[in-house]
Amino acid sequence: MLCPHYDAFRCRSCTLIERDYDDQVRGKQARCEELLGPGIAWLDPVLSAPAGFRNKAKLVVGGTAAAPTLGILDPEGAGIDLRDCLLYPPQLQAAFGPLARFITLARLEPYDVPARRGELKNLLVTVSPDGELMVRFVLRSTEALARIRKHLPTLQAELPTLAVATVNVLPEHRAVLEGAREIVLTGSDTLRMRLNGLDLHLRPQSFFQTNTEVAAALYRTGRDWVDAVDPRTVWDLYCGVGGFALHVAAPGRAVTGIELSAEAIASAEQTAAESGLPGLRFAAGDATDFALTATAPPDLVIVNPPRRGIGSRLAQWLEGSGVRHVLYSSCNAVSLASDLAAMPSLRPTTGRLLDMFPQTGHFEVAVMLRRD
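Residues numbered from 1 in each chain as written. Predicted model: local features only at pLDDT ≥ 70, side-chain atom pairs only at ≥ 80, totals over all residues. Heavy atoms only, no water.

In the annotation of an unreviewed UniProt entry, the protein is listed under the name 23S rRNA (Uracil(747)-C(5))-methyltransferase RlmC and assigned to Cellulomonas denverensis.

Take a look at the structure:
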C-alpha cells in the first residue's frame with residue numbers, strides 16, 4: 001500500500017506498510033506460534049481489509065482555529081494533517097472537512113503543546129456500521145462550551161449522520177487522549193454498533209474494538225468455541241460493552257460480565273434488555289477482585305484484558321480454581337504467553353489470529369484453554 005505521508009516521513013505509524021499484506025499476516029501467525037508454542041490447532045487467520053478498516057479516528061488538533069490540522073504532531077509540536085489517512089473509511093474521511101470548518105466557526109483554538117496554551121486538544125470520531133457518528137471534542141476547559149452549543153446545529157446540518165456529540169474536559173498537560181469529565185451535547189449518548197444481529201451500545205468513554213468487521217469475527221469465533229463445550233455458567237471478565245457475554249448467552253446458561261467502566265456496563269445492560277437474551281448479568285468492578293472473592297468458580301471464563309494481560313493474581317486464581325475452560329482473547333501475544341506460563345494446568349488447544357490492525361505489527365489472538 002502506498003502512502004504519501006509515510007514516504008515523506010510525516011507519519012511512520014504503519015510500520016509494515018512496505019510489506020505485502022499476505023506476508024504481514026504470515027509474519028504475525030509465525031510470531032503467535034513462536035510465542036505460544038506447539039500443540040495448538042490453529043484455525044485460518046481472520047483477515048482484514050488492508051485499508052479503510054478503522055472505525056475510530058484519534059486526531060490531535062494542531063495549527064490555528066482559522067486553519068486547523070487534524071492528525072498528529074511532529075517532534076516540535078506542530079500539527080501534521082492526516083485527514084486523508086488511508087486507514088480511515090470514507091464515512092470518517094467525509095466528516096473531517098465539516099469538523100475542521102466547525103473548529104473555525106466556533107473559534108476553538110488548538111492546544112499548543114510546547115507553549116501549553118489553547119483549548120482544543122483532540123477530536124475523537126467513531127463511525128458505526130450504519131454510518132452514524134460519535135464526535136468528542138477534548139478541551140482543556142469549558143471556556144468554549146457555550147460557543148460549541150451555539151454552533152452545533154450548523155455542524156449537525158452539515159453532518160446529518162452525527163448521532164452523538166460530547167465535550168470531554170482534560171485540564172491537565174498530559175499525553176493522554178481524554179479526561180474523566182464528559183458533557184453530552186446531543187439527545188442521544190450512545191452510538192449503536194450492529195454486530196452479528198446484536199445492537200451493541202457504545203457510550204463516549206467505553207472501549208470498542210478498532211476494526212468492526214474483525215471484531216464481529218472475533219465474537220463469532222468465541223461463540224462457536226463456547227457453544228462447543230456448552231458450559232452452564234460463564235464469566236466474561238473485562239467484558240467492555242458486553243461483546244463476548246452477549247454473543248455466548250443461551251437458554252440454560254448463566255453469563256456474568258464484569259468490567260471496571262460503569263459506562264460500559266450501562267451499555268451492556270441496555271443491549272441485554274433490548275435483545276431479550278436469557279441469563280445475563282452485568283456488574284461494574286475489578287475483574288481480579290471479583291474472581292478472588294467469588295464463592296464458587298464457573299464452568300468457563302472469558303478474559304479479554306488490556307495489553308498488560310490478566311496479571312499474576314488472576315492467573316494464579318485461574319490455575320487453582322478448577323475452571324475447566326478459559327477463552328483468552330489478547331491484543332498482546334507477549335503478555336498472553338506470560339499469563340499462560342502461570343497457568344500450566346490450562347493448556348491452549350485451539351487458536352486463531354485475527355488481524356485487527358493491518359499495516360502494523362499489532363494483532364488480536366484468541367486461544368481456547370482446557371484443563372488437563
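1. A closer look at the overall build of the protein
When helices and strands are counted, the protein shows 10 helices and 17 strands. Here the C-alpha radius of gyration of the protein, 22 Å, is about what a compact globule of 372 residues would show, namely 21 Å. Each principal axis of the C-alpha distribution contributes one length, and for the protein these read about 65 × 45 × 35 Å. Out of the 372 residues in the protein, the part that is buried amounts to 54%. Of the contacts made within the protein by residues no fewer than 6 positions apart, 67% connect residues no fewer than 24 positions apart. Just so you have it, the protein exposes about 15,600 Å², and 53% of that area is on carbon and sulfur atoms. (Helix = DSSP H or I, 4+ residues; strand = E, 2+ residues; numbered from the N terminus. Rg over C-alpha atoms; globule rule 2.2 N^0.38 Å. Buried < 20%, exposed > 50% of the residue type's maximum accessible area, 1.4 Å probe, protein only. Contact = heavy atoms within 4.5 Å. Areas by Shrake-Rupley, 256 points an atom, 1.4 Å probe, with all protein chains shown as cover.)

2. Some details on the UniProt feature "binding site: S-adenosyl-L-methionine" (unreviewed entry) in the protein
Feature annotation in UniProt assigns "binding site: S-adenosyl-L-methionine" (unreviewed entry) to the following positions: Q209, Y238, E259 and N304. Along the polypeptide, Q209 turns up in the loop between β10 (198-202) and α5 (212-229). If we skip the residues at most four places from it in the chain, Q209 touches N55, A215, L218, Y219, N304, M356 and E364. Mapped onto the elements of the fold, E259 is located in strand β12 (residues 254-259). Its relative accessible area of 17% is what places E259 among the buried residues. If we ignore the near neighbours within four places in the chain, the residues touching E259 are Y238, C239, G240, A264, I265, A283, A284 and G285. (UniProt positions renumbered as here; feature names shortened; annotations may be inferred.)

3. Considering helix α3 (residues 90-105)
Here α3 contains 16 residues, and its C-alpha end-to-end distance of 24 Å stays within 8% of the 22 Å for a straight helix at 1.5 Å per residue. Burial in α3 covers these residues: L92, A95, F96, G97, P98, L99, A100, F102 and I103. Buried residues along α3 sit in contact with β2 (56-63), β3 (68-73), β5 (120-127), β6 (133-139) and α4 (145-158). In the stretch just after α3, R107 is the one whose phi turns positive, near 55°. (Expected span 1.5 Å × (residues − 1).)

4. A short note on the sheet that holds strand β11 (residues 233-237)
Pairing in this open sheet of 8 strands is mixed, and the strands run β1-β16-β17-β15-β14-β11-β12-β13 from one edge to the other. If you trace the sheet from one side to the other, it starts and ends with β1 (41-42) and β13 (280-284), each paired once. Where strand β14 (residues 300-303) and strand β15 (residues 325-330) come together, 4 bridges link them in parallel fashion. Residue pairing for β15: I302 is matched across the bridge by L327. Across the sheet, α5 lies against β14, β15, β16 (346-354) and β17 (364-371), angled at about 150° from β16, the strand it touches most. The sheet contacts of helix α9 (residues 311-321) involve β11, β14, β15, β16 and β17, and relative to β17 the element is tilted by about 35°. (Pairing = 2+ DSSP bridges. Axes fitted to C-alpha atoms, helices over the stretch in contact; angles between N-to-C directions.)

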